[in-house]
Structures are given as C-alpha cells and as structure tokens.
Amino acid sequence: MDLVKTLRNAEISVANYRLFLLQIFMRLCLFVLLFTFLFVGVSRGFETVDSLDFSGSGPLFLSDKQIQEDLVQAERLLQDNYVLYPILEQKGVDWKSAFKKLEDHLLPDINPILTHHFQEQLIKTLEFTEDSNIQADLFLKKRHYVQRIEPKVAFYTGIRMAQQQKRFSVLPSLKHPNKIVNHWFIDCKTTMEVFFPILPERQTEKLFMLGQQANHQLQPLDCAFENDSGEKQEIMLPLIFPTAELNRQEMPVFEFTGGRTPYIRWYRDGNPEESGVKQFLKLARKLQNTPTLIIDVRGNANGSFAFIEKWLKDFTSNHWKNVIVREQQTIPILKGLLNRVQWNLHHSTARLLVGKDQLEQKLQQLKALIFHFREKKITEKWVETKFIFNGKKDAPKMNTRLIVLANQHCGNGCQFLSALTKQITDGILIGTNTGPFPKNTSGPIFQLKHSRIMLSFSHRIHLNHQLEPVSPSGYLPDYWLFPPMGLTEIMRFVRKKN
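Quick notes on the rules
Residues numbered from 1 in each chain as written. Predicted model: local features only at pLDDT ≥ 70, side-chain atom pairs only at ≥ 80, totals over all residues. Heavy atoms only, no water. Pairing = 2+ DSSP bridges. Helix = DSSP H or I, 4+ residues; strand = E, 2+ residues; numbered from the N terminus. Axes fitted to C-alpha atoms, helices over the stretch in contact; angles between N-to-C directions. Patch = residues over 30% accessible without salt bridge, like charges linked within 9 Å, V, L, I, M, F, W, Y side chains within 5 Å. Areas by Shrake-Rupley, 256 points an atom, 1.4 Å probe, with all protein chains shown as cover. Salt bridge = Lys/Arg side-chain N within 4 Å of Asp/Glu carboxyl O. Buried < 20%, exposed > 50% of the residue type's maximum accessible area, 1.4 Å probe, protein only. Core = buried A, V, L, I, M, F, W, Y, C linked by side-chain atoms within 4.5 Å. Contact = heavy atoms within 4.5 Å. Phe/Tyr/Trp six-rings, centres within 6.5 Å; stacked < 30°, edge-to-face > 60°. Lys NZ or Arg CZ within 6 Å of the ring centre and 35° of its normal. Disulfide = S-S within 2.5 Å. 1 Å grid on protein atoms, 1.4 Å probe; cavity = no way out; pocket = protein on both sides within 12 Å on 5 of 7 lines; lining within 4 Å. Points joined across faces, edges and corners; volume = space filled by probe spheres on them. Nonpolar A, V, L, I, M, F, W, Y, C, P; charged D, E, K, R; others polar.

Draft legend 1. Representation of the sheet that holds strand 16 (residues 381-389) in the model. The sheet built from three strands is open, its strands ordered 16-15-21 with antiparallel pairing. Each edge of the sheet is formed by a strand with only one pairing partner; in this case those strands are strand 16 and strand 21 (460-463). Averaged over neighbouring strand pairs, the angle between their axes works out to 20 degrees when direction is ignored. Of the strand pairs in this sheet, strand 15 (residues 320-329) and strand 21 are connected by four bridges, and their pairing is antiparallel. Residue pairing for strand 21: Val325 is matched across the bridge by His462.

So this is what it looks like as structure tokens:
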C-alpha cells in the first residue's frame, strides 16, 4: 500500500514538473514575441543608421577600386544632398568632369595613394564651390586629419588706379615706386588680377585697388605698365592680406561719436540690465531723424539679430525682410544630421557646447522625423527662416542714409544690416565681404565607405530679399577698405556725398 502511494506521489511530482517547464517555455515564447514586436515598432519609428566610425582603423592606403567607389559615393552624396549643387550646375559647373579629373589624377600613380592624401585632393577638387562649409575629417591611427575649403579673401597690392574710360591709370603712392605713377596698366602675367572698387576722393571718379582673391597665400603679381609714349615698365607687386579684426567679449556694447555724421561702433550684444545696453537703446531714439548714419559692425561675429532688432524698433518704423535661410530636409539629410549628433556626443567630453540631455533629445526628434517622412511618404521638405524686422508696412520711407562697415567676422545682426544696405536706396556697404552664412556648425555628416572620410557640408542656403542665392563669400561691399584707409577716408567720402 505504501509503495502504491509513493508511486502516485512521484507521478504527481513529474506532472507538476512538466507543467512548470511548459509554463517557463510559454513565458519565454511570450517574451520573445513581445520583444520582436517592440523591435519592429522601434525600427519603424526610428530609422536604423550606421554609426560613424571614429576608431581610426581605416586603411592607410587606398586601392584604385576603393578610390573609384569612394569618388562615386562622394559625387552622389553631393548631388543628392548639397543645396548648392543644382545652383552651381545651372551656372555651368560640370560636377562629373571635376570628379573624373580627380580620378584621372590619382589612378595613374604607380604608388598606392595615402588615405589622407586622397582626403586633401578631394577637398582641393571642390574648391571651385568657394564654400567654406565643406569639410572632410579623417580619423586614422589615433590622428585626426581635417581638410576644409578656406574662404576666399582679398589680397591687395597698394596700387591705386583711376578708371579713365576703359583704361586704368596708376595714382601716386608713398609706398610704391614713382616709375609707374601716371602709367597705364597693361596686364599681369602670373595670375588673374582683380580691381577692387575703393572710396573715391571726388564724386565723379572711379578708383580701384589692384589685387587678387584667393584662399591661400599668393605669389607677387608680375604686372606691366606703360606711359603715354608707349614705354613699358614691368614690376613685381607683393600681395598683402589685411588682418580682419575680431571683437572681444570684454569690449563695451558700443561706441558713439556725434557730429554732422553720427558714427556707431556696435561691438557686442549685452544683457538688458547693463547700463551700456540702456544707453544704446536711448541713442536709437535720439538719432531717429538723422540724415546720415554710420554703423560699424566689423568684428561683431556674435552680434544677434534679436539684439539689433530692439535698437531698430526705436530708430525707425519701417518694415524689412531680407536675410532668408532655407533648410532642406530629406531622409538622407536627416540621417546625416543623426551623424552630426553622434559627432557632437563623441566630442562632448573635450568641449561640451550643448548638454548631453539636449543632444539625446535632438537624437530622438530626428528619429521621429525620419519615421514621419517614411509614414507620410515625404521625399523632400524645405523649412524657411526669415529675418523680419516688424515695423509698419505702410510707414513712410526711411530718410536716413545708412552706411554699414563690415568684415568677414559677421554675425546674424551684421548680416541683417549688410543686407539692408542692398535693399534700401540710400544704403552703402563698406569694408570686405561678409563671409559665409549660416556657419556649418550643425550640418549633416556622411562617411565614405572605404576611406572612412567624414564629409560634411551645409543643408541650408542663404537668400537675399529678392530670393536670390547669396554667394558663399557673403555680401560684397560697394567699396573695399584696405590699409591705411580707415574712418578718416570714410568720413571724407560721406561728407562729400552729403
């Protein structure tokens, strides 16, 4: 009897054990099923994107096949995602020919091509864009190679010339030999010269500075001149790059000089509590009816539109809309922006510009936006930002003649004021070109397959008030300013115009 009872208890235990195993198995299946659904949901909502490779384990040398495939990928990335690609193409740029020339230059080399040499040549090939937002980064064997297109700047010779009909006559100068004074300019052998318009001494004349534009140090110009008798003189003219001043944070908010032609130097933004800010706003009301005003924003790289807008509201009741930024959004660009966030997270320990929480939030926003594009079958979207000064649209025309001094260190507020001189009848821009805008600090990044080069460029385009693309070099001045020309010459020019 005891034996039977024992066997029955054993059967019950085995049955319970089997039931236990079945329950475990079912729970495991349910977990796998739930995980699968969750993964599918996340994959639908958040696009899978290959991470940037910062390991530096890419190849030191590239084979011909790797070069060809990376060039095809780079050209396609630019064609599909670079906002200036179609604009430059319409102007006659042959992109395919540019990449073919690079391929023909690299492949015949009997020695293997270094990866960072390929990086250098790629950026050099793209210099025709004059777009300093284009950059190539390469992490290789614990080294970080950076190649970017440097912005073009104006180099000058110091040779001033007056235009007389279609010829240019050399004006006297204390720093240059008298043997070419009053001679006619013929040409320069070494490189294409540029005639920069400069401030005239008399209203009827047109003066120019002989120079050249480039993004690297240039050799002297080898130029020829002749006098009225036809006797020729050849002279080597060194090209000088003027230093562009950049304002420091410890500078005052502004500087003001009164008189017949009021002059304001706006150095930086400030807090509303600062006495300098309060005085700056009071000055706007004081100058409301001035016939001519000079605003100097040279070196004001961080001056904001919001700050100068408050000042303008006290100065004028007019309404303007000029600086326009259009941002292109496509799924590939959004994936490139995900890479940008990864870049920022990777570099955040060295110099954290934005908190990690904000970067993680940006990451989720981009992933959700990619999902939205896929769900709604959106192939392309443009987002427009306008710098609008909300005055009164029906206000009488501003009677002030506005003269703005700017250089390539030109922030949002400087860009707005520079654009305003191109928009109003009595506006003049003096100085240098205003530089690229907006800066490519948050554009997409794409990584080439074999070289592991990270190619970045802007997905935004800068338009003027007529909806025309502004050059990557920025707004060009009506009159260039070269040393030793300065405020004295500007005041003399303004007074004669008045």
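There is more to say after this.
Draft legend 2. Region of the structure containing the sheet that holds strand 20 (residues 454-456). Reading across from one edge, 4-3-20-19 is the order of the four strands in this open sheet, with antiparallel pairing throughout. A single partner strand is all that each edge strand has here, and the edge strands are strand 4 (143-148) and strand 19 (445-447). For this sheet, the mean angle separating the axes of adjacent strands, direction not counted, is 20 degrees. Across three bridges, strand 19 lies against strand 20 in antiparallel orientation. Directly across from Ile445, in strand 20, lies its bridge partner Ser456.

Draft legend 3. Local environment of a nonpolar patch on the surface. On the surface, Leu60, Phe61 and Leu114 cluster together to form a nonpolar patch covering roughly 250 Å² of accessible area. With respect to the helices and strands, Leu60 occurs in the loop between helix 1 (2-45) and strand 1 (61-62). For Leu60, a relative accessible area of 41% translates into the label partly exposed.

Draft legend 4. Geometry of the nonpolar core. Counting residues in hydrophobic clusters, the biggest one holds 38 residues, and the most contacted among them are Phe280, Val297, Trp311, Phe315, Phe416 and Leu417. At the level of secondary structure, the elements contributing two or more residues to this core comprise strand 13 (263-266), helix 6 (275-286), strand 14 (292-296), helix 7 (305-315), strand 15, strand 16, strand 17 (401-406) and helix 10 (412-423). The biggest single contributor to this core is helix 7, with six residues. Here Phe315 is in contact with Ala284, Leu287, Gln288, Thr290, Leu293, Met398 and Thr400, once residues within four sequence places are set aside. With 36 residues, the next largest nonpolar core counts Leu71, Phe99, Ile453 and Leu463 among its residues.

Draft legend 5. Layout of the packing of aromatic side chains. Counted under the stated rule, the structure contains 27 aromatic pairs. Between Tyr479 and Phe493, the aromatic rings sit 5.2 Å apart at their centres with planes inclined by 65 degrees, giving edge-to-face as the arrangement. Within this pair, whereas Tyr479 is found in strand 22 (residues 479-480), its partner Phe493 is found in helix 11 (residues 487-497), the two being separated by 14 residues in sequence. You'll find Tyr479 and Phe493 in the same group, each marked buried. What links up through ring pairs into an aromatic cluster is the set Tyr82, Tyr85, Trp95, Phe128, Phe446 and Phe457. The side chain of Arg167 reaches across the aromatic face of Trp184, ending 4.3 Å from its centre.

Draft legend 6. Region of the structure containing the side chain of Ser169. Its location among the elements puts Ser169 in strand 6 (residues 167-170). Overall, Ser169 belongs to the buried group, its relative accessible area being 6%. If we ignore the near neighbours within four places in the chain, the residues touching Ser169 are Arg160, Met161, Ala162, Gln164, Asn182, His183 and Trp184.

Draft legend 7. Geometry of the state of the cysteines. Overall, the coordinates contain two disulfides when judged by the stated rule. Here Cys188 engages in a disulfide with Cys223; their sulfurs sit 2.0 Å apart. What sets the handedness of the Cys188 and Cys223 disulfide is the S-S torsion sign, and at about 90 degrees it is right-handed. Placement of the pair is Cys188 in strand 7 (residues 184-188) and Cys223 in strand 10 (residues 221-226), with a sequence separation of 35 residues. When its relative accessible area of 11% is taken as the criterion, Cys188 is described as buried. In this model Cys410 forms its disulfide with Cys414; the gap between the sulfur atoms is 1.9 Å. Taking the torsion about the S-S bond as the criterion, the Cys410 to Cys414 disulfide, at about -100 degrees, is left-handed.

Draft legend 8. Representation of empty space enclosed by the protein. By the definition in use, this model includes three cavities of 30 Å³ or more. Looking at the largest cavity, its volume works out to about 170 Å³. Leu84, Phe437, Arg460, His462 and Pro472 are the residues nearest the centre of the largest cavity, which is lined by 17 residues in total. Of the residues assigned to the lining of the largest cavity, the class counts are nine nonpolar, six polar and two charged.

Draft legend 9. Structural detail: helix 5 (residues 115-125). Here helix 5 has its buried residues at Thr115, Phe118, Gln119, Gln121, Leu122, Ile123 and Thr125. Those residues of helix 5 that are buried lie in contact with strand 1, helix 2 (64-81), helix 4 (95-106), strand 2 (113-114), strand 3 (135-140) and strand 4.

Draft legend 10. Representation of the pattern of salt bridges. Scanning the model with the defined rule gives 19 salt bridges in all. A salt bridge links Arg452 to Asp53; its shortest N-O distance comes to 3.6 Å. Placement of Arg452 in the loop between strand 19 and strand 20 and of Asp53 in the loop between helix 1 and strand 1 is noted, with a sequence separation of 399 residues between them. A residue is classified by how much of its surface remains accessible, and Asp53, at 23% relative accessible area, is partly exposed.

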